Amino acid sequence: MTTNNRFDIIVVGGGHAGCEAAHSAASLGAHVLLITMDIYRIAQMSCNPAVGGIAKGQIVREIDALGGMMAKITDQSTLQFRMLNRSKGPAMWSPRAQCDKIKFSEGWRIQLQENKNISFWQGSAKKLILDGDTVLGIETDLGFKFYSKAVILTNGTFLNGLLHFGQTKIGGGRIAEQSSVGISDQMALLGFNTGRMKTGTPPRIDKRTINFSKLEEQFGESNQQFSFYHPRQVRLPEINCHITYTNERVHQELEVGFAQSPMFDGTIKGLGPRYCPSIETKLVIFAEKSSHQLYLEPEGVDSIEYYLNGFSTSLPLDVQLRAIHYIEGLEDALIIRPGYAIEYDFFDPTQLHHTLESKIISNLFLAGQINGTTGYEEAAAQGLMAGINAYQKCHSKQPMVLDRSEAYIGVLIDDLVTKGVDEPYRMFTSRAEYRLLLRQDNADERLSQKGYDIGLLPGEHYDRFIEKQHFIKMHVENAGHISVVPEFINPYLVEHESAPIKQRTRLSSLVSRPQVRLAEVLDHSSVLKNYFSSIPLKFWQEVIESVEIRIKYAGYISREHNTVDKLVRLENVKIEDRFDYQSIQSLSTEAREKLTRIQPKTIGQAKRIPGISPNDINVLLVLLGR
């Protein structure tokens, strides 16, 4: 360990971004100091106690493939696992786990404590220590100074955080936790563009007062997990979620409180999340709807708290309670903790390089909600990449920047630094141009080599990856050689409303049919299953699923790869430091302003900046002699 007050990297904030940043940098070999207000609240699930979901689940598997820890910690604390969008194509499949939030936080704390390269300081960071435009360390609220080669800020919602409970306002980063002051004002003086964002959380309900007999039970999938590399050693009792709905009487009770809502009286100035709105916002935007779906989600094995997903609100407590009592199954419900809104400072992410290092202050990295994102998964991904790149820079190594065609993490960071944000950024599959290539099942295939090459993914995990890929490749080819006779397969085909065959047919041709599932076919015929007997049990489900996807969507996948190959030439035409954009009069005024401010590194990045027209891109290509 390092001594005294000098470290390689200081990470400020112990949320999901801070945990991944500290873990990745320390695992690569850096001496890391993690500054957090409360070591027993690190990786706190401030909002819903769940990991994954649409596109978010893909990000978690990418973190795992690179050597991060979110998937492992999630599996240790999973109460229910579901694969969302099973009815759609594999590009849309998204894993999601309901978690025990206490065990999730505890798992992260133990993981970090076991890393001897990580030291901890409980307290608040007050300001950056600078030498000109280079960061040298952090000064705490108590006046103690810590020095480092790089600093990663992952302050989450704590920067000048303000909580709203109806007309009551309380300073804080979360309920019962103080906000962080000082750094935000200092960075504004240094030239950082700052803004305010708003998010919210719903009330927590006492489990003992819920009438579950009136609710629709939502079942999970057994024997599933997030991580490719960490076998799920601990299996908590599975606890199902439940569904209920608002109704017109609930809406009437909520509307009575609108006059006291900080959302509508101008008190809250921050930008709110469009895709996860408060219940009062839903009633305004979707005025024609007579009901909204709600999910009752458990917060832990030993907890009586239930999270009312879909009912985020900042209305007064008495309004929340009256409205909830008109919801089916919650007629006698007691609120343990009211819903509330929180406003906090963020910094314009277009002021960052793709490495997440600041363009204004050297060796200063920003990750998580401080960059205008929302969600544990988006934060963790940024923390992972900031930790990697802070380490790489401190050791004069090449940075790691993921392309949009390689990972959702690449899409996330490129969107942030190229387009900026005008609302809390949330990842969706629709944001990825190449989502058929960026599936949750092949995250290890896309990224494990990169994680291993930089030294973050351990050798035994890399060996496991190579072994699995061997069996996938072998059995994709195998399926192309196996012939199936009509009497073996026709009963299955008829049962699944697929045309029976009249002669021997290759297994790959049958699997390419929409109605046919490879796993079901193998269960139907022991003779066919014998051809796949070489697959180790530990890989069986993953290999069979991957083989089917590669066969069924081979044409689409090949076409998408060809598209990427064609566009990569434009993507990699470098323009950084080539132009004084203000002097190029043939560019539009908006293009000159945005290109000057963002300073894109490539033509591909410039093309994605909002407001940059095809004509502006053509002007740059002409000037480059293309």
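Residues numbered from 1 in each chain as written. Predicted model: local features only at pLDDT ≥ 70, side-chain atom pairs only at ≥ 80, totals over all residues. Heavy atoms only, no water.

1. A few points about the overall build of the protein chain
(1) Moving on: Secondary structure summary: the protein chain contains 21 helices and 22 strands in total.
(2) Moving on: For the protein chain, the C-alpha radius of gyration of 26 Å lies close to 25 Å, the compact-globule estimate for 626 residues.
(3) Moving on: The principal-axis extents of the C-alpha atoms in the protein chain amount to approximately 80 × 70 × 55 Å.
(4) Moving on: With 626 residues in all, the protein chain has 59% of them scored as buried.
(5) Moving on: A separation threshold of at least 6 residues defines the contact pool for the protein chain, and within that pool the share at least 24 residues apart is 73%.
(6) Moving on: Here the protein chain displays about 25600 Å² of accessible surface, and carbon together with sulfur accounts for 50% of that area. (Helix = DSSP H or I, 4+ residues; strand = E, 2+ residues; numbered from the N terminus. Rg over C-alpha atoms; globule rule 2.2 N^0.38 Å. Buried < 20%, exposed > 50% of the residue type's maximum accessible area, 1.4 Å probe, protein only. Contact = heavy atoms within 4.5 Å. Areas by Shrake-Rupley, 256 points an atom, 1.4 Å probe, with all protein chains shown as cover.)

2. A closer look at the pairing of strand S5 (residues 94–99)
Both faces of the sheet carry side chains from a regular strand, because those side chains alternate between them.
(1) Moving on: When you tally the buried positions in S5, you get 6 out of 6 residues, the bulk of the element.
(2) Moving on: Alternating positions in S5 separate into two faces, Ser94, Arg96 and Gln98 on one and Pro95, Ala97 and Cys99 on the other, with burial throughout.
(3) Moving on: Pairing geometry for strand S3 (residues 50–52) and S5, over 3 bridges, is antiparallel. Opposite Ala50, over in S5, you have Gln98 as the bridge partner. (Pairing = 2+ DSSP bridges.)

3. Points about the sheet that holds strand S10 (residues 162–165)
(1) Moving on: Taken in spatial order, the 4 strands of this open sheet run S11-S10-S19-S12, and their pairing is antiparallel. Whereas interior strands pair on both sides, the edge strands pair on one side only; in this sheet they are strand S11 (168–171) and strand S12 (194–201). This sheet shows a mean twist of 25 degrees between the axes of neighbouring strands, independent of strand direction.
(2) Moving on: Summarising the sheet, S12 and strand S19 (residues 340–347) pair through 8 bridges and their orientation is antiparallel. The residue bridging Thr194 from the neighbouring strand is Phe347, located in S19. (Axes fitted to C-alpha atoms, helices over the stretch in contact; angles between N-to-C directions.)

4. What about the environment of Ala390?
(1) Moving on: Structurally, Ala390 can be placed in helix H9 (residues 376–394).
(2) Moving on: On the basis of relative accessibility, which here comes to 0%, the residue Ala390 falls in the buried class.
(3) Moving on: Along the primary structure Ala390 and Leu364 are separated by 26 residues, whereas in three dimensions their C-alpha atoms are 8.4 Å apart.
(4) Moving on: If sequence neighbours within four positions are ignored, Ala390 has contacts with Ile9, Ala150, Ile152 and Phe365.

5. Observations regarding helix H11 (residues 443–454)
(1) Moving on: The first and last C-alpha atoms of H11 sit 17 Å apart over 12 residues, in line with the 16 Å expected at 1.5 Å per residue.
(2) Moving on: Check the buried side of H11 and you find it contacts helix H2 (56–66) and helix H12 (459–481).
(3) Moving on: Phi turns positive one or two residues past the end of H11, at Gly455, with a value near 100 degrees. (Expected span 1.5 Å × (residues − 1).)

6. Examining the sheet that holds strand S13 (residues 204–206)
(1) Moving on: Sheet architecture is open: 6 strands sit in the order S14-S15-S16-S17-S13-S18, paired in antiparallel fashion. Of all strands in the sheet, those with a lone pairing partner are strand S14 (216–218) and strand S18 (335–337), marking the two edges. Between one strand axis and the next, the sheet turns by 35 degrees as a mean value, whatever way the strands run.
(2) Moving on: Two elements, S13 and strand S17 (residues 305–309), share 3 bridges in a ladder whose sense is antiparallel. Among the inter-strand pairings, Arg204 is bridged to a residue of S17, identified as Tyr307.
(3) Moving on: On the sheet, helix H8 (residues 317–324) packs against S13, S17 and S18 and is oriented at approximately 140 degrees with respect to S18.

7. Some points on the packing of H11 against H12
(1) Moving on: Closest axis-to-axis distance for the H11/H12 pair is 10 Å, and the angle between their directions is 145 degrees. The chirality of how H11 crosses H12 is left-handed. Every residue of H12 that contacts H11 at Asp444, Glu445, Ser448, Gln449 and Tyr452 is listed here: Gly459, Tyr462, Phe465, Lys468 and Gln469.
(2) Moving on: For the contact of H11 with H12, a count of residues per class yields 3 nonpolar, 4 polar and 3 charged. (Left-handed = near helix turned anticlockwise from the far one by under 90°. Nonpolar A, V, L, I, M, F, W, Y, C, P; charged D, E, K, R; others polar.)

8. Regarding unusual backbone geometry
(1) Moving on: For Asn223, which is not glycine, the phi torsion reads 55 degrees and is therefore positive.
(2) Moving on: Positionally, Asn223 belongs in the loop between S14 and strand S15 (241–245).

9. So, the side chain of Arg608
(1) Moving on: Summarising the element assignment, Arg608 is placed in the loop between helix H20 (603–607) and helix H21 (614–623).
(2) Moving on: The buried category is assigned to Arg608, whose relative accessible area is 16%.
(3) Moving on: Polar side-chain contacts of Arg608 include one of 2.5 Å to the side chain of Asp414.
(4) Moving on: At 3.2 Å, the side chain of Arg608 forms a polar contact with the backbone oxygen of Gly604.
(5) Moving on: Ignoring anything within four residues of it in the chain, the contact list for Arg608 reads Arg404, Asp414, Thr418, Lys419, Glu433 and Glu571. (Polar contact = N/O pair within 3.5 Å; in protein donor to acceptor, adjacent residues only side chain to side chain.)

10. Details of the environment of Ala43
(1) Moving on: Along the chain, Ala43 falls in the loop between strand S2 (32–36) and S3.
(2) Moving on: Sequence-wise, Ala43 and Asn562 are 519 residues apart; in three dimensions their C-alpha atoms are separated by 40 Å.
(3) Moving on: Once residues lying within four places of it in the same chain are set aside, the contact partners of Ala43 are Gly14, Gly15, His16, Cys19, Phe104, Ser105 and Trp108.

11. Describing the packing of H9 against helix H10 (residues 408–419)
(1) Moving on: Closest axis-to-axis distance for the H9/H10 pair is 10 Å, and the angle between their directions is 85 degrees. The orientation of H9 relative to H10 falls into the category roughly perpendicular. Touching Glu378, Ala381, Gln382 and Met385 of H9 are Ile409, Leu412, Ile413 and Leu416, all from H10.
(2) Moving on: In terms of residue class, the contact of H9 with H10 is made up of 6 nonpolar, 1 polar and 1 charged. (Parallel < 35°, antiparallel > 145°, perpendicular 65-115°, else oblique.)

12. A look at the nonpolar core
(1) Moving on: Core analysis: the largest hydrophobic core is formed by 98 residues, its most contacted members being Ile9, Ile138, Leu153, Leu364, Met385 and Ile409.
(2) Moving on: The residues contacting Leu153, other than those within four sequence positions of it, are Val12, Leu128, Ile138, Ile183, Met187, Leu364, Phe365, Leu366, Ala367 and Ile370. (Core = buried A, V, L, I, M, F, W, Y, C linked by side-chain atoms within 4.5 Å.)

13. With respect to the packing of aromatic side chains
(1) Moving on: Enumeration over the complete set of coordinates arrives at 13 aromatic pairs.
(2) Moving on: Ring centres 5.1 Å apart and planes at 35 degrees place the aromatic pair Phe165 and Tyr340 in the tilted group. With Phe165 in strand S10 and Tyr340 in strand S19, this pair connects stretches of sequence that are 175 residues apart. For the pair shown, Phe165 and Tyr340 are each scored as buried.
(3) Moving on: Through successive ring pairs, a cluster of aromatic residues spans Phe7, Trp121, Phe144 and Phe146.
(4) Moving on: A cation sits over an aromatic face here: Arg61 above Phe228, 5.5 Å from the ring centre.
(5) Moving on: Across the ring face of Tyr425, the terminal group of Arg431 is positioned such that the distance to the ring centre comes to 4.1 Å. (Phe/Tyr/Trp six-rings, centres within 6.5 Å; stacked < 30°, edge-to-face > 60°. Lys NZ or Arg CZ within 6 Å of the ring centre and 35° of its normal.)

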